[in-house]
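So the chains spell out like this:
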Amino acid sequence: MIEFQKAYEIVIGTKLNIGTEKVALNNSLGRVLAQDVFSDIDMPPFNKSAMDGFACRSIDLFNELEIIEIIPAGKIPQKEIGENQCSKIMTGAPLPVGADTIFIVEDSKEIGENRVIYTKPKSEIDTCNIEAGNDAKANISFKGEDIKIGDVVLQKGTLLKPQHIAVLASVGCINPEVSKLPKVGVIATGSELVEPNIKPKDSQIRNSNGSQMIAQLAAININANYYGIAVDDEKITQEIFDKAVSENDIIMLSGGVSEGDFDFVPKILKNAGFDIKFDRIAVQPGKPTTFAMSQNKICFGMPGNPVSSFVLFELLLKPLIYKLAGSDYKNQRIILALGIDFNRSRANRLAFIPVTISENGEVFPVEYHGSAHINGLTVADGLFEIPIGVTNMKKGEKVNVRQI
Ligand code: AMP
Ligand code: MG
């Protein structure tokens, strides 16, 4: 049995050559960039009004002004601003030549045809700034102030979220190069399992892990190849496994990795030429997690109990899949205070306990009967960590919580 951190390092250190591909911008969400992305333009591309208002010379700000033009967004101003003149300007429109300031509509009063005054009392204005021509410049976004042409806007390894997609769009990167997704095969083992469309008879249970694993993969963009249920028969399981190996980069099995008479998975892995890197982790839930490699193939033997399978996917397999793509994704960890005292009888494993987080940021364990109790997870906001050797924790003590 190895400690969780050691298992994590083994898993995360695994290499697999998956290559890169170009995808359409609008299909790139959740993918990992395989290239630095540069800007082909300045942003903003021109001096731009940040507000609806009037553009004029700052030295004329307190004079009555003549409105010489209305400038909508998307139009080039036709007139140059001269002494005691202004143009009415809309948010996003280019600043006209001659103007160096914009005062906003809310601080203006139109006083007859094409005449306007600035209404903000002088006392409210930082006159030093006005004299230096700075105050109303707050309403101008200057060309290139966000990004300059040629700047790297996103780095290789970036996990693309909606805000990154906006940046790609703004620099015209319509086919970003991203890491390919590994092909992942999913197999559920166990003679007691029936698929979810079947009502279990005595001694049977529904295969929830198959759908859970497929969904966990789908949540990170991977469309799993599902091989169904392998009954607890060595030959049958071997055939299904070998087929999955030939068709995938990563194979996820659930169940069959414990000490029972019908837990054939370790044997099957060895028969297929896999080298088992570890088969027990000092973690709760998830002790019998097995990790094995053969040439350019990875196998995860997930524990059969659904909570264990869920947690170990989140803690080990998900970071690995991102790492293979070149991202240094880590589980989001936050430090919060326990809302009640917490005790456990044995402390020989690192434990992850499903918890809710209250509005004031306190952590409360959910009702949880152990690693088969998948319903316990559905109300949890996260998992809190109890280190090896710790049995009692007091209300108010700070704990690490991983959000799920
Ligand atoms: P095993 O690891 O095969 O010994 O299974 C441990 C426990 O998890 C047993 O109670 C199994 O019935 C249960 N289990 C195994 N596979 C699944 C699955 N695919 N869906 C739901 N429960 C499972
Ligand atoms: Mg089993």
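Residues numbered from 1 in each chain as written. Chains lettered and ligands numbered in written order. Predicted model: local features only at pLDDT ≥ 70, side-chain atom pairs only at ≥ 80, totals over all residues. Heavy atoms only, no water.

1. Comments concerning the site of ligand 1
With respect to spatial proximity, 17 residues lie near ligand 1, and among them Glu192, Asn207, Ser208, Gly256 and Gly304 are the closest. Between ligand 1 and Asn207, the relevant distance is 2.8 Å, taken from a nitrogen atom to a side-chain nitrogen or oxygen of the residue. Here an oxygen atom of ligand 1 sits 3.2 Å away from a polar atom, N or O, in the main chain of Gly304. Protein contact buries 78% of the 480 Å² of open area that ligand 1 shows by itself. Mapped onto the shell around ligand 1, the elements with two or more residues apiece are β13 (184-189), β15 (205-206) and α4 (208-218). Tallied by class, the residues present in the shell around ligand 1 amount to four nonpolar, 10 polar and three charged. (Near = heavy atom within 4 Å. Polar contact = N/O pair within 3.5 Å; in protein donor to acceptor, adjacent residues only side chain to side chain. Areas by Shrake-Rupley, 256 points an atom, 1.4 Å probe, with all protein chains shown as cover. Helix = DSSP H or I, 4+ residues; strand = E, 2+ residues; numbered from the N terminus. Nonpolar A, V, L, I, M, F, W, Y, C, P; charged D, E, K, R; others polar.)

2. With respect to the packing of aromatic side chains
As enumerated under the stated definition, the model contains 11 aromatic pairs in all. Between the aromatic rings of Phe54 and Phe103, the centroid separation amounts to 5.4 Å while the plane-to-plane angle is 25°, which identifies the pairing as stacked. With Phe54 in strand β4 (residues 53-56) and Phe103 in strand β7 (residues 101-104), this residue pair connects regions lying 49 residues apart in the sequence. According to the relative accessible area criterion, Phe103 is buried, its value standing at 1%. Ring-pair connections join several aromatic residues into one group, and the members of that group are Phe54, Phe62, Phe103 and Tyr118. (Phe/Tyr/Trp six-rings, centres within 6.5 Å; stacked < 30°, edge-to-face > 60°. Buried < 20%, exposed > 50% of the residue type's maximum accessible area, 1.4 Å probe, protein only.)

3. Here we look at the pairing of β7
Of the two faces of β7, the one holding Thr101 and Phe103 and the one holding Ile102 and Ile104 are both buried throughout. In this sheet, β7 lies alongside β4 in antiparallel orientation, the contact comprising four bridges. Each bridged residue has a counterpart across the sheet, and for Cys56 the counterpart in β7 is Thr101. (Pairing = 2+ DSSP bridges.)

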